[in-house]
Amino acid sequence: MPPKGSRKPGKKNKAEEPELEPLCCCEYIDRHGEKNHVAACLCDCQDLDEGCDRWITCKSVQPETCERIMDTISDRLRIPWLRGAKKVNISIVPPLILLPVFLRVASWHFFLGVVVLTSLPVLALWYYYLTHRRKQQTLFFLSLGLFSLGYMYYVFLQEVVPRGRVGPAQLALLTCGLFLILLALYRAKKNPGYLRNPASNDRSLGSGQIECLNRQGQEKTKGFSGTDTSGSLNNRALKDDLKGSSRVLAGSPTKVKEDWCAKCQLVRPARAWHCRICGMCVRRMDHHCVWINSCVGESNHQAFILALSIFLLTSAYGIMLTLDTICRDRSVFTALFYCPGVYADYSSALSFTCVWYSVIVTAGMAYIFLIQLINISYNVTEREVQQALRQKTGRRRLCGLIVDPGQYNRGFLRNWHQFFTLGTHPFHHPAEDIV
């Protein structure tokens with residue numbers, strides 16, 4: 001036990017540490033670690049000044065300069081808040097501004113509607129490939145999806161319901177569908193089944209396990225100079241022990257092959273993959289969905305399918321109610337392509353434009369839903385499908401729409417039973433599943 005005098009310098013040094021002053025509602029700590037103010041958001045913008053000068057003089061702007069400008073804007077875009085200004089993710093702003101503007105411009109004329117509604121999917125795909133190539137997380141698509149739901153519902157209440165063709169029961173049913181979509185999305189946004197590093201959870205280990213690991217670490221370091229055998233087990237020794245023991249289990253013929261992830265420093269079971277966008281391993285990873293800004297894995301795959309199904313039903317019902325109101329005495333399919341006089345009234349034109357926007361989004365989600373149903377029926381994940389296409393393995397049907405590697409396929413009913421029981425209990429694969 002150290003003498004009492006040895007503790008006094010520690011207390012003195014601790015007392016001499018300067019305390020951080022509390023931030024006011026408009027102050028924040030920027031990305032350089034310095035205190036800044038919201039009012040100074042336009043000060044010291046050297047990268048922005050350089051970019052504007054090069055743009056005025058018709059010179060190309062370097063990609064590194066553009067990235068620094070975007071980093072500066074995203075760091076300074078904040079709103080006043082208690083105990084310091086909060087950062088606003090810049091990717092959520094464009095949908096809030098551009099979507100209403102584009103839809104209202106598209107409702108002015110038929111040809112404007114064709115141009116705008118054609119360019120919107122192209123811009124969305126371009127932004128998707130831009131962010132997907134850089135392996136960056138973005139809230140753009142989540143913001144676009146949520147704001148599209150809210151704005152379509154707002155136009156429906158403002159332009160369609162006052163015409164008197166929609167009854168209270170129909171409005172209540174559509175509203176319930178909207179709330180169910182939000183609830184399913186909230187559930188799908190939760191943990192998809194991230195695999196945690198056991199070495200980072202030292203406190204969760206029992207005292208007996210820690211003592212045993214410490215004893216093993218002391219025996220391994222015995223006989224080497226410079227090693228401390230009396231201290232606790234460090235993270236590297238714990239990772240090596242866990243890695244070695246897990247690989248022993250993985251080599252067992254009764255276990256599915258397990259793989260070691262060098263980035264997460266953990267052993268991942270079969271069908272688990274490392275997501276380069278989230279930066280974590282996901283159990284039974286299907287894909288990374290930009291619409292929820294999260295991975296779809298073992299724990300949220302069911303909620304993801306539920307959200308898709310409710311969205312398709314609610315969207316189709318809202319489209320039918322709107323077309324029945326603005327194009328009377330016509331079938332839904334006929335009114336979608338032929339509705340004379342719809343652009344004579346701005347209210348009808350805006351509703352008709354929103355209908356076509358909803359049709360485009362619904363068609364894209366229906367394709368995703370179809371692919372998901374096919375994959376579940378064959379007990380294959382989207383990640384495994386992409387791997388099979390790259391390696392040219394598995395059976396391909398319907399021009400590649402159906403890809404069956406055959407590794408986990410146990411029949412239609414058993415595959416769907418396994419999907420409905422995801423996360424409830426571990427699924428034991430037979431011996432031929434060992435890879």
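Note: the structure precedes this text.
Residues numbered from 1 in each chain as written. Predicted model: local features only at pLDDT ≥ 70, side-chain atom pairs only at ≥ 80, totals over all residues. Heavy atoms only, no water.

## A few points about the overall build of the protein
- Tallying secondary structure elements over the protein gives 14 helices and 12 strands in all.
- The proportion of buried residues among the 435 residues of the protein is 36%.
- As displayed, the protein offers around 26,900 Å² of accessible surface, 61% of which is attributable to carbon and sulfur atoms. (Helix = DSSP H or I, 4+ residues; strand = E, 2+ residues; numbered from the N terminus. Buried < 20%, exposed > 50% of the residue type's maximum accessible area, 1.4 Å probe, protein only. Areas by Shrake-Rupley, 256 points an atom, 1.4 Å probe, with all protein chains shown as cover.)

## Some words on the environment of D324
- Relative to the helices and strands, D324 is located in helix 10 (residues 301-326).
- Given a relative accessible area of 33%, D324 falls into the partly exposed group.
- When the C-alpha positions of D324 and R165 are compared, they lie 8.0 Å apart, and in sequence the two are 159 residues distant.

## Thoughts on the side chain of T322
- Looking at where T322 falls in the secondary structure, it is placed in helix 10.
- Owing to a relative accessible area of 7%, T322 belongs among the buried residues under this scheme.
- Not counting residues within four places of it along the chain, the set of residues in contact with T322 comprises F156, V160, S351 and V355. (Contact = heavy atoms within 4.5 Å.)

## Considering the pattern of salt bridges
- Going through the model one piece at a time under the given rule, you end up with four salt bridges.
- With a shortest N-O distance of 3.5 Å, R163 and D345 are connected by a salt bridge. Of this pair, R163 sits in the loop between helix 6 (140-160) and helix 7 (168-188) while D345 sits in the loop between helix 11 (332-337) and helix 12 (346-377), and the two are 182 residues apart along the sequence.
- Among the ionic pairs, R165 bridges to D324, the shortest N-O distance being 3.3 Å. Placement of the pair is R165 in the loop between helix 6 and helix 7 and D324 in helix 10, with a sequence separation of 159 residues. (Salt bridge = Lys/Arg side-chain N within 4 Å of Asp/Glu carboxyl O.)

## With respect to the state of the cysteines
- Within the structure shown, the criterion is met by one disulfide.
- At a sulfur-sulfur separation of 1.7 Å, the disulfide partner of C327 is C339. Its S-S torsion of about -105° marks the bond between C327 and C339 as left-handed, since a negative value means left-handed. Placement of C327 in the loop between helix 10 and helix 11 and of C339 in the loop between helix 11 and helix 12 is noted, with a sequence separation of 12 residues between them. Each member of the pair, C327 as well as C339, is classed as buried.
- C281 takes part in no disulfide bond, and the closest cysteine sulfur, belonging to C261, lies 3.4 Å away.
- By relative accessible area, C281 is classed as buried at 0%.
- The thiol of C295 is unpaired, and the distance to the nearest cysteine sulfur, on C275, comes to 3.3 Å. (Disulfide = S-S within 2.5 Å.)

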